[in-house]
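Report on the structure
Chain residues, written in single-letter form:
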Amino acid sequence: MNKTYINILFALALIFFSLNIYANELENKNRYKISILSIGEGPSLVDAFGHTAIRVKDEKLKNDVVFNFGVYDFNSPNFYSNFVKGRPEYKLAIQNYSNLIQNYIRQKRYIVEHQLNLDQNSIKIIIDLLVEKLNDPYYIYDYFRDNCTTRAADIVIDKTNNKFKDEKLESEDIVSYRELIHGKINENSWAALGIDLCLGAIIDKKIKTRETFFLPENLMNYLDLYEGDIIKRNIIYRPESAISYRENIPSPLLINLILSLIIVAITIFNFKSNKWNKSLDSLIFLISGSIGILIIYLWFFSNHFAGAQNFNFLWAFPLNFALIFAIYKNKIPNWSIGYIKLLIILIILLFLHWTTGVQKYNLTLLPIFVALLIRYSFLVHRINRTIK
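Everything quoted here is computed from the prediction, not taken from an experiment.

By secondary structure assignment, the location of Gln95 is in strand S4 (residues 89–96). Overall, the relative accessible area of 29% leaves Gln95 in the partly exposed class. On a C-alpha basis, the gap between Gln95 and Asn68 in space is 7.3 Å, while along the polypeptide they are 27 residues apart. Not counting the four nearest positions on each side in its chain, Gln95 is found in contact with Asp64, Val65, Val66, Asn68, Val71 and Leu100.

See the structure below:
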C-alpha cells in the first residue's frame, strides 16, 4: 500500500513537472514574436531594390525592435575605398520598430510583415544568433550573396527546423541576376547602364531560386507560399501608388544615339573632304580606354565577384590609350592599322557574344557599337592612305 501511494505521488509530481515545463515553453513561445519585414522600393538608387529586416517583439517586457542588416555609414573610415575594392562594410543595428515603420511610411514604401509561427527551440536559436551578431555587427556586404535580405532568408530557411525549406530552392530558376536587376531598374537608365558596364557575364547565368532572394520582393513572395498555419501575413502599409526608381534626366539611349550620329556625321564629312578629325578619335580612345581599365580592375583586382568575366572590354579596350600617341606622330606606325582591325574584330565578336547569350550588353550602347565600327573602318582606310 505504501509502495502504491509513493508511485501515485511520483506520478503526480512527474505530471506537475511536465505541465510546468509545458507552461514555461508555452509562455516563452507566446512571449517572443518574430517577423520578417519586407519594405518596398524607393525613388533613389540606394532604395531601388527594397529592403528586408527582422522584427522581434517581446510581449513580456513590451519591447518591439527591428534587427537591420542594411546599415552603413558613408563617414566611416575608408568607406569609399572599400566600396571600390568590393569590400563595403555594413553592419547589423537594432532599431525601434515604431520609428522605423514611420520612416518608411513617410517615404510611401509598402511594408509587409510575415510573422513566423515557430517552436521554442527555433525562437531561441534565432534570438541568440541575432544577439551574438550584435557583439560583432560588421560584415562585408555583397550585393547578390550577402545582403540584408539574404541574411534574413538564411535565418528563416536554416534556423527554423526546416519549416520553410523546400527542395525547389536549389532548383534552377529561369532568370539571371541581370534580368532581375532590369526588373527593378529600367535598362534605359544611367543606373542600369553603369551596372551593365561594371558587371560581367557571371550575372547572366541562370540562378537557383534561393539565389533570387537577394531581392526583398522575391523573399516576400516565397514567404507568401507558407501563409496559414506557420505564417501570418500582415500588410502594415500600402501606398496608393507603387514607387520605383526614376531618373529625371535625358535617357542614355537618347544621349548615345546623338553621340553616335555625331561620330557618323563627322566620319562621313572626313571621308568626303579627305580630312581627319584626330581630336574625335583621341576622345574615343581616351573614354573607351578608361572604361576598359575600370573593367579590368573590377575583374582582376577587386573583390566584386560580379565584375568577373566582363566582356565589355571587347569594345572598351584598355590599351586604346596607345593609339592616342600613335595617330599624332609624324609617321604613324604600321602596327596601328593592325590594332584598329583588331578593334573591329573584337566588336564583331561582341555581337556574337550578345546573340549567343554569353553576355547581355546594355541595349543603349548599340548605337555606339555601330558608330565605332564605322569610325574604325574609316581609320583603317585613312591610315592606310597616310602611310602610303
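Looking now at the pattern of salt bridges. Inspection of every chain in the model, using the stated rule, returns 18 salt bridges. When the shortest N-O distance is used, the salt bridge between Arg109 and Asp47 registers 3.5 Å. Remark: Asp47 occurs in the loop between strand S1 (32–39) and strand S2 (51–58) and Arg109 occurs in the loop between helix H3 (97–106) and strand S5 (111–116); sequence separation between them is 62 residues. Residue class for Arg109 comes out buried when judged on its relative accessible area of 2%. You can call Asp47 partly exposed: its relative accessible area is 21%. Asp128 is the partner of Lys124 in a salt bridge, and the nearest nitrogen-oxygen pair spans 2.7 Å. A residue pair is termed a helical-turn pair when its members lie 3 or 4 positions apart in one helix, as Lys124 and Asp128 do in helix H4 (residues 120–135) at 4 residues. Judged by relative accessible area, Asp128 falls into the partly exposed class, the value being 39%. Several salt bridges share partner residues, and in doing so they unite Asp154, Asp158, Lys165 and Arg210 into one network.

Attention now goes to the packing of helix H9 (residues 252–273) against helix H13 (residues 366–387). Relative orientation of the contacting elements H9 and H13 amounts to 20°, with a least axis distance of 8 Å. Comparing the axis directions of H9 and H13 gives the class roughly parallel. When the axes of H9 and H13 are compared, the crossing they make is left-handed. Where H9 approaches H13, its residues Leu253, Asn256, Leu257, Leu259, Ser260, Ile263, Val264, Ile266, Thr267, Asn270 and Phe271 are matched on the opposing element by Pro367, Ile368, Ala371, Ile374, Arg375, Phe378 and His381. Partitioning the contact of H9 with H13 into residue classes produces 12 nonpolar, 5 polar and 1 charged.

Cut-offs applied
- Residues numbered from 1 in each chain as written.
- Predicted model: local features only at pLDDT ≥ 70, side-chain atom pairs only at ≥ 80, totals over all residues.
- Heavy atoms only, no water.
- Helix = DSSP H or I, 4+ residues; strand = E, 2+ residues; numbered from the N terminus.
- Buried < 20%, exposed > 50% of the residue type's maximum accessible area, 1.4 Å probe, protein only.
- Contact = heavy atoms within 4.5 Å.
- Salt bridge = Lys/Arg side-chain N within 4 Å of Asp/Glu carboxyl O.
- Axes fitted to C-alpha atoms, helices over the stretch in contact; angles between N-to-C directions.
- Parallel < 35°, antiparallel > 145°, perpendicular 65-115°, else oblique.
- Left-handed = near helix turned anticlockwise from the far one by under 90°.
- Nonpolar A, V, L, I, M, F, W, Y, C, P; charged D, E, K, R; others polar.

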